[in-house]
Amino acid sequence: MEDTRKNEGLKALGSKTKYKMDYAPEVLETFENKHPTNDYWVQFNCPEFTSLCPITGQPDFAEIKIAYIPQKLMVESKSLKLYLFSFRNHGDFHEDCVNIIMKDLIRLMQPKYIEVIGLFTPRGGISIYPYANYGQPGTRYETLAEQRFFNHSIQP
């Protein structure tokens, strides 16, 4: 007999996809981590991220990479996809997009550790690769965040 409670509360998964036309953090959904005492990585890659330059309105294209160590909650992947796609008509600088994504995911699920990297394609002959990370204060994950930040490679 199938346990129907496992997807309880999830709205995006299994329903018709409704795309938001502007930044929509409200579409993010979580589910319970079944292994909260284990440390393990969850990684997402969104190779088709787009946003708009807040000055020119021109589209910016990037690959967004998200990696986190979950605590009690995890982000549901379809809702994350819809959230990332909601930046399509949103105007913000590359660095802002990466930090907004990270902060929204911290608010949503309070991970032990998270990092977000934006590999933006060149505009005007220059590429921008913003990197942001966070580890829970007062824990070994805060130390992990510091170590990964100071050892972060500028190579994508």
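Residues numbered from 1 in each chain as written. Predicted model: local features only at pLDDT ≥ 70, side-chain atom pairs only at ≥ 80, totals over all residues. Heavy atoms only, no water.

- The name given to the protein in an unreviewed UniProt entry is NADPH-dependent 7-cyano-7-deazaguanine reductase, with the source organism recorded as Hoylesella timonensis CRIS 5C-B1.
- The annotation that UniProt attaches to the protein under Catalytic activity (unreviewed entry) is "7-aminomethyl-7-carbaguanine + 2 NADP(+) = 7-cyano-7-carbaguanine + 2 NADPH + 3 H(+)".
- Here the protein is described in UniProt, under the heading Subcellular location (unreviewed entry), as follows: "Cytoplasm". (UniProt positions renumbered as here; feature names shortened; annotations may be inferred.)

1. Here's the deal with the nonpolar core
- Of all hydrophobic cores here, the largest spans 29 residues; its most connected members are Phe49, Ile64, Ile66, Ile101 and Leu105.
- Of all the secondary structure elements, the ones that give two or more residues to this core are β2 (42-52), β3 (59-69), β4 (73-75), α1 (77-85), α2 (94-109) and β5 (113-120).
- By residue number, the principal contributor to this core is α2, which donates seven residues.
- Residues Tyr113, Tyr131, Tyr141 and Ala145 belong to the second largest nonpolar core, which totals seven residues. (Core = buried A, V, L, I, M, F, W, Y, C linked by side-chain atoms within 4.5 Å. Buried < 20%, exposed > 50% of the residue type's maximum accessible area, 1.4 Å probe, protein only. Helix = DSSP H or I, 4+ residues; strand = E, 2+ residues; numbered from the N terminus.)

2. Describing the pattern of salt bridges
- For the structure on display, the rule yields six salt bridges.
- Two residues, Lys112 and Asp39, come together in a salt bridge whose shortest N-O distance is 2.9 Å. Highlighted residues: Lys112 in the loop between α2 and β5 and Asp39 in the loop between β1 (30-32) and β2, separated in sequence by 73 residues.
- For Lys112, a relative accessible area of 8% translates into the label buried.
- Look at the salt bridges and you will find they share partners, linking Asp39, Lys112 and Arg140 into a network. (Salt bridge = Lys/Arg side-chain N within 4 Å of Asp/Glu carboxyl O.)

3. Quick notes on the UniProt feature "binding site: substrate" (unreviewed entry) in the protein
- Feature annotation in UniProt assigns "binding site: substrate" (unreviewed entry) to the following positions: Val75, Glu76, Ser77, His94 and Glu95.
- Within the secondary structure, Val75 is located in strand β4.
- In this structure Val75 touches Leu28, Glu29, Thr30, Phe31, Phe44, Tyr68, Leu80, Leu105, Leu108 and Met109, once residues within four positions along its chain are discounted.
- With respect to the helices, strands and loops of the structure, Ser77 is situated in helix α1.
- On the accessibility criterion, Ser77 (44% relative accessible area) is partly exposed. (Contact = heavy atoms within 4.5 Å.)

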